[in-house]
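Residue-level structure breakdown
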Amino acid sequence: MHRYRFLLTRQWVILTLVALLLIPTMIWLGIWQKHRYEMRSARNQLVSEALAAKPVPVERLSSPGHAVTRTEKYRRVTATGTFDTAREVVVRRRVNADDEVGFHVLTPFVLTDGKVLLVNRGWIPANGVQTAFPKIPAPPAGRTTVTGRLMADETTAASGIKEIKGLPDRQIMLINSAEQARRLNAQVLGGYIQQTAPEPKGDTPELLSDPGEEDAPLNYAYMIQWWLFAAGVPYGWFVLVRREDRSRAEAAAQPSEEPTTAAV
């Protein structure tokens, strides 16, 4: 085994240690991607089932102070009442499908029993001015039935959007039913809905599209990739060892050159 003594050199000891560290690291990364794949697949399944379910009255799923659960999120609900545009607010820094910056229009919807449902009526452009309250097309007047996707209250942790103090009048950063209940001094159902019907006249505000599916297969591909890398590390180390051993053997087999003596 003396021919492999080069493995004890500083260079090869470091290379071997790096290989030994890479193997469990890549295995762990593959497991992490597997968890991401499972999580995204489960989320896609929940969203698909929620969107495919028959609409139910919103009062069946939400009530004042209720926290919308994962299984309730995106469920299609209906509500009957009247829009209260006098106490309407807009949600800042929201983008549409083309990544244009604007506002979401959040309008209180007073139900027949007096409780309030928050309705995100859709997106409108900012038109370069975000300090003044924008001009918003009016919703249907009088008693109306709306349909929408039930959503959970927004938080900074979930959305990455920070609350900002001192905003212009009637502008907010996050949609939170508890905060709106204090502002409106009313019983507000937990969460809010993204309106899907009726469609607005002139297509403004622009209704929000269904949530897209997360790319779970990509995480599955990454999982396989990391595990292939983990399997390739010992193979690569073995190839390098054999190459080094062969190079040393060839060098040792070379005849040493005798110094030539000049003729007298």
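Above this text you will find the structure in question.
Read on for an overview of the structure. (Residues numbered from 1 in each chain as written. Predicted model: local features only at pLDDT ≥ 70, side-chain atom pairs only at ≥ 80, totals over all residues. Heavy atoms only, no water.)

**As for the packing of aromatic side chains**
What counts, and what does not: Each Phe, Tyr or Trp ring, with Trp reduced to its six-membered ring, pairs with another whose centre is within 6.5 Å; inter-plane angles below 30 degrees give stacked pairs, above 60 give edge-to-face pairs, and intermediate values give tilted ones. When the NZ atom of lysine or the CZ atom of arginine is within 6 Å of a ring's centre and also within 35 degrees of its normal, the charge is said to sit over that ring.
The final tally for this structure, using the stated rule, is 4 aromatic pairs. Lying over the aromatic face of Phe83, Arg121 brings its terminal NZ or CZ to 5.9 Å of the ring centre. Positioned over the ring face of Phe133 is Arg170, at 4.0 Å from the centre of the ring.

**Side note on helix H1 (residues 10-52)**
An α-helical segment advances 3.6 residues per turn. Residues three or four places apart therefore align on the same side. Rules: Secondary structure elements are defined from DSSP: runs of H or I of at least 4 residues count as helices, runs of E of at least 2 residues count as strands, and each element is numbered from the N terminus. Residue count minus one, scaled by 1.5 Å, sets the expected span of a helix. The contact criterion used throughout is that any non-hydrogen atoms of two residues lie within 4.5 Å.
The first and last C-alpha atoms of H1 sit 63 Å apart over 43 residues, in line with the 63 Å expected at 1.5 Å per residue. Against strand E2 (76-83) and helix H4 (216-253) lie the buried residues of H1.

**Quick word on the layout of surface pockets**
The condition that has to hold: Points on a 1 Å grid, built from protein atoms alone, make a cavity when a 1.4 Å probe fits but cannot get out and make a pocket when they are open with protein on both sides within 12 Å along at least 5 of 7 lines; residues with an atom within 4 Å of a point are the lining residues. Grid points are joined across faces, edges and corners, and a volume is the space filled by probe spheres set on the points. Each residue is assigned to one of three groups, with Ala, Val, Leu, Ile, Met, Phe, Trp, Tyr, Cys and Pro labelled nonpolar, Asp, Glu, Lys and Arg labelled charged, and all others, Gly among them, labelled polar.
If you add up the space inside the largest pocket, you get close to 1,100 Å³. Looking at the largest pocket, it is lined by 36 residues, and the ones nearest its centre are Arg43, Lys73, Tyr74, Met151 and Gln194. At the level of elements, H1, strand E3 (89-95), strand E5 (116-125), strand E6 (144-151), helix H2 (156-159) and strand E8 (192-197) are the ones that each hand at least two residues to the lining of the largest pocket. Quantified by volume, the second largest pocket comes out at close to 250 Å³. Considering the residues around the second largest pocket, the lining is formed by 13 residues, among which Glu163, Ile164, Leu167, Ile172 and Glu179 are closest to the centre. It is helix H3 (residues 177-184) that provides the largest number of residues to the lining of the second largest pocket, a total of 3 residues. Of the residues in the lining of the second largest pocket, the class split is 6 nonpolar, 3 polar and 4 charged.

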